[in-house]
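# Structure assessment
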Amino acid sequence: MSFEQQTPTTSAQVTTEAQEWTGTTSMVMGIVAVAFFGCPWLPDAVPPQIRHFPLYLTVPLGIAAIVYGTGDLHHLRGEEGVDRRRARAGVALGLTAVAVPLAFIVWAWVSLSE
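Below you will find a few notes about this structure.

About the criteria used
- Residues numbered from 1 in each chain as written.
- Predicted model: local features only at pLDDT ≥ 70, side-chain atom pairs only at ≥ 80, totals over all residues.
- Heavy atoms only, no water.
- Helix = DSSP H or I, 4+ residues; strand = E, 2+ residues; numbered from the N terminus.
- Buried < 20%, exposed > 50% of the residue type's maximum accessible area, 1.4 Å probe, protein only.
- Contact = heavy atoms within 4.5 Å.
- Areas by Shrake-Rupley, 256 points an atom, 1.4 Å probe, with all protein chains shown as cover.
- Salt bridge = Lys/Arg side-chain N within 4 Å of Asp/Glu carboxyl O.
- Phe/Tyr/Trp six-rings, centres within 6.5 Å; stacked < 30°, edge-to-face > 60°.
- Axes fitted to C-alpha atoms, helices over the stretch in contact; angles between N-to-C directions.
- Parallel < 35°, antiparallel > 145°, perpendicular 65-115°, else oblique.
- Left-handed = near helix turned anticlockwise from the far one by under 90°.
- Nonpolar A, V, L, I, M, F, W, Y, C, P; charged D, E, K, R; others polar.

## Let's talk about the overall build of the chain
Helix and strand content of the chain: five helices and zero strands. When its helices and strands are written in sequence order, the chain yields α-α-α-α-α. The buried share of the chain, reckoned over its 114 residues, is 26%. Looking at the chain alone, contacts between residues at least 24 apart form 69% of all its contacts between residues at least 6 apart. Split by element, the accessible area of the chain, about 8300 Å² in all, is 68% carbon and sulfur.

Written out as structure tokens, the structure reads:
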């Protein structure tokens, strides 16, 4: 390959490519945490350990999605023309993954204490 065919990458290109993926980790963790809510309704042919174990991971994954998403949003503050939707979606899904189990625990505690 000759020198003319090679295109050097500048730091601006690398920074732009890195900003395109910002928030993806948070969004993926939030999606997985919310998807784990459906595991108990898998068919009975699936062993109970596989059906119920992911429920133990919803709150830690939700907390991690919130932490990564808020960190990404803080990192992108003041940047012009940057897409923050993935980080916001990750925070929202993480909050859902944390709030639903906590609301269920509070509901169970109140209803069982009566």
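## Regarding the pattern of salt bridges
In total, this model carries two salt bridges according to the counting rule given. Here Asp83 and Arg85 are joined by a salt bridge, their closest N and O atoms 3.0 Å apart. Judged by its relative accessible area of 32%, Asp83 falls in the partly exposed class. Look at Arg85 and you get exposed, because its relative accessible area is 61%.

## Topic: the packing of aromatic side chains
Within this structure, the stated rule accounts for two aromatic pairs. Ring plane angle 35° and centroid distance 5.7 Å describe the contact between Phe104 and Trp107, whose orientation is recorded as tilted. A residue pair is termed a helical-turn pair when its members lie 3 or 4 positions apart in one helix, as Phe104 and Trp107 do in helix 5 (residues 85-113) at three residues. Of the residues examined, Phe104 reaches a relative accessible area of 52% and is grouped as exposed. Judged by relative accessible area, which is 54%, Trp107 ranks as exposed.

## As for the packing of helix 2 (residues 24-35) against helix 5
At a closest axis distance of 7 Å, the pairing of helix 2 and helix 5 adopts a crossing angle of 30°. When the axis of helix 2 is compared with that of helix 5, the two are roughly parallel. As helix 2 runs across helix 5, the sense of the crossing is left-handed. Taken together, the residues of helix 5 that come into contact with helix 2 (itself represented by Thr24, Ser26, Met27, Gly30, Ile31, Ala33 and Val34) are Arg86, Ala87, Ala89, Gly90, Val91, Leu93, Gly94, Thr96 and Ala97. When grouped by side-chain class, the residues that make up the contact of helix 2 with helix 5 number nine nonpolar, six polar and one charged.

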